[in-house]
Amino acid sequence: MPAVFVLIWSTGFIVARYGMPHAPPFKFLVMRYALSIACFLLWIVLARVKWPSGRAQWLHLAVTGVFMHAGYLGGVWAAVKLGMGSGLSSLIVGLQPVLTALWLAAIGSKILTRQWLGLVLGFIGLVMVVSRKFGTGGEANWFNMSLVVGALFSITIGTLYQKRFVTSCDVRSANTVQLGAALLVTLPLAALELEVIRWHAELLGAIAWSVLALTLGGSSLLYLLIQKGAAASVTSLMYLVPPVTALIAWILFGEPITLTTVLGTLLTALGVALVVRQPKFT
């Protein structure tokens with residue numbers, strides 16, 4: 001089950017490549033959020049799921065939805081729309097555990113020597129990959145890099161906020177509240193996009209996969225894994241997301257995989273593993 005979850009998670013960056021040629025990012029995300037909410041509402045009614053209790057919890061869930069859905073997905077999808085490849089965007093966002101560790105250190109938690117080594121290795125690996133993507137005709141520029149880095153900060157802030165303020169509740173109703181907040185924030189941005197949606201089989205497939213596999217399936221699998229005590233397995237397997245994404249992107253889109261890219265990706269994965277392996281933060 002953890003391996004299936006990571007494989008589904010990896011396809012999120014691939015779906016962006018399929019959908020973006022046919023729709024602007026925020027209009028696509030509006031459709032994704034709206035359809036996901038409809039599916040969750042049906043699921044909630046049929047399963048008689050309880051809603052979060054208290055106005056404060058609704059507010060906290062809305063805040064996490066803005067960061068973890070609107071900010072994160074909006075940044076990644078806009079960066080992909082502007083030419084960034086699936087593998088590179090996956091690699092940058094995969095530094096979330098490192099960013100979390102730095103935040104915990106900033107508020108007083110101790111970082112071990114092994115973890116500092118991981119931070120350095122992760123940064124060196126990322127530089128190795130990114131340095132080959134800049135330049136004339138490259139997939140990376142300062143604008144789309146800023147978008148995906150913003151997405152990285154957004155999901156990190158959302159995760160830390162959720163851990164601090166959101167109490168335990170059913171994942172289906174919680175997701176619905178989060179997606180509703182993300183939809184409200186994304187709607188004005190979608191209205192500003194001049195590009196129209198061009199209906200195509202690839203676009204319909206990307207929407208279906210985004211809603212059913214990524215939003216409903218991915219969230220449900222993560223919930224089940226945590227309930228079964230397999231969260232540690234998910235954490236360790238998350239190191240495989242960037243290389244799996246790069247492999248799928250190479251097969252489907254011909255995104256080049258050079259020796260430097262492979263070594264940089266592995267070095268980054270090793271760095272993240274050193275940072276989060278058996279963490280001793282409080």
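Residues numbered from 1 in each chain as written. Predicted model: local features only at pLDDT ≥ 70, side-chain atom pairs only at ≥ 80, totals over all residues. Heavy atoms only, no water.

J.: Tell me about the pattern of salt bridges, and please be specific about residues and values.
T.: Counted under the stated rule, the structure contains 4 salt bridges. Between Asp170 and Arg172 there is a salt bridge; the shortest N-O distance is 2.8 Å. A single burial state applies to Asp170 and to Arg172, both of which are buried. In this structure, Glu195 and Arg198 form a salt bridge, with 2.9 Å as the shortest nitrogen-oxygen distance. Since its relative accessible area comes to 39%, Arg198 is described here as partly exposed. Members of the salt-bridge network, linked through shared partners, are Lys81, Glu195 and Arg198. (Salt bridge = Lys/Arg side-chain N within 4 Å of Asp/Glu carboxyl O. Buried < 20%, exposed > 50% of the residue type's maximum accessible area, 1.4 Å probe, protein only.)

J.: Run through the environment of Val244, naming residues and quoting values.
T.: Within the secondary structure, Val244 is located in helix H11 (residues 241-253). A residue is classified by how much of its surface remains accessible, and Val244, at 26% relative accessible area, is partly exposed. Considering only alpha carbons, one finds Val244 and Ser10, 234 residues apart in sequence, at a separation of 6.6 Å. Setting aside chain neighbours within four positions, we find Val244 in contact with Leu7 and Ser10. (Helix = DSSP H or I, 4+ residues; strand = E, 2+ residues; numbered from the N terminus. Contact = heavy atoms within 4.5 Å.)

J.: Provide a residue-level description of the nonpolar core, including the pertinent values.
T.: In this structure, Phe28, Tyr72, Val76, Trp77 and Ile92 are the most contacted members of the largest nonpolar core, which totals 56 residues. Examining the composition of this core, we find that 8 residues originate from one element, helix H2 (residues 25-47), more than from any other. (Core = buried A, V, L, I, M, F, W, Y, C linked by side-chain atoms within 4.5 Å.)

J.: Could you give me a rundown of the packing of aromatic side chains, with the residues and numbers involved?
T.: Across all of its chains, the model carries 5 aromatic pairs by this definition. Judged by centre distance (4.6 Å) and plane angle (25°), the rings of Phe28 and Trp77 are stacked. One end of the pair, Phe28, is in helix H2; the other, Trp77, is in helix H3 (residues 55-81), with 49 residues separating them in the sequence. Classification of Phe28 as buried rests on a relative accessible area of 0%. Its guanidinium or amino end placed over the ring of Phe253, Arg17 lies 4.3 Å from that ring's centre, counting from NZ or CZ. If you follow Arg164 out to its NZ or CZ, it ends over the ring of Phe165, 4.8 Å from the centre. (Phe/Tyr/Trp six-rings, centres within 6.5 Å; stacked < 30°, edge-to-face > 60°. Lys NZ or Arg CZ within 6 Å of the ring centre and 35° of its normal.)

J.: Could you give an account of helix H5 (residues 96-106), with specific residues and numbers?
T.: All buried positions along H5 are accounted for by Gln96, Val98, Leu99, Thr100, Ala101 and Leu104. Note on H5: the residue one or two positions beyond its end, Gly108, has a positive phi of about 115°.

J.: Let's hear about the side chain of Glu193: which residues, and what values?
T.: Position of Glu193 among the secondary structure elements: in the loop between helix H8 (171-192) and helix H9 (201-227). No salt bridge is formed by the buried Glu193. Its closest oppositely charged neighbour is Lys27, at 5.4 Å. Here Glu193 is in contact with Pro24, Pro25, Phe26 and Lys27, once residues within four sequence places are set aside. (Lys, Arg positive; Asp, Glu negative; His and termini not counted.)

J.: Explain a nonpolar patch on the surface to me, using residue names and the numbers behind them.
T.: A contiguous nonpolar surface patch, about 650 Å² in accessible area, is contributed by Leu247, Trp250, Ile251, Leu252, Ile257, Val262 and Leu266. Looking at the nonpolar patch, the elements with two or more residues in it are H11 and helix H12 (259-276). If you tally residues by element for the nonpolar patch, the top one is H11, at 4 residues. (Patch = residues over 30% accessible without salt bridge, like charges linked within 9 Å, V, L, I, M, F, W, Y side chains within 5 Å. Areas by Shrake-Rupley, 256 points an atom, 1.4 Å probe, with all protein chains shown as cover.)

J.: Summarise the side chain of Ser90; cite the residues concerned and give the values.
T.: If you trace the backbone, Ser90 turns up in helix H4 (residues 86-93). Its relative accessible area of 1% is what places Ser90 among the buried residues. When residues no more than four places from it in sequence are discounted, the contact partners of Ser90 are Phe13, Val241, Pro242 and Thr245.

J.: Give a description of unusual backbone geometry that names residues and reports values.
T.: In this structure, Arg48 is a non-glycine residue whose phi angle is positive, near 55°. In this fold, Arg48 is placed in the loop between H2 and H3. The exposure class of Arg48 is exposed, given its relative accessible area of 77%.

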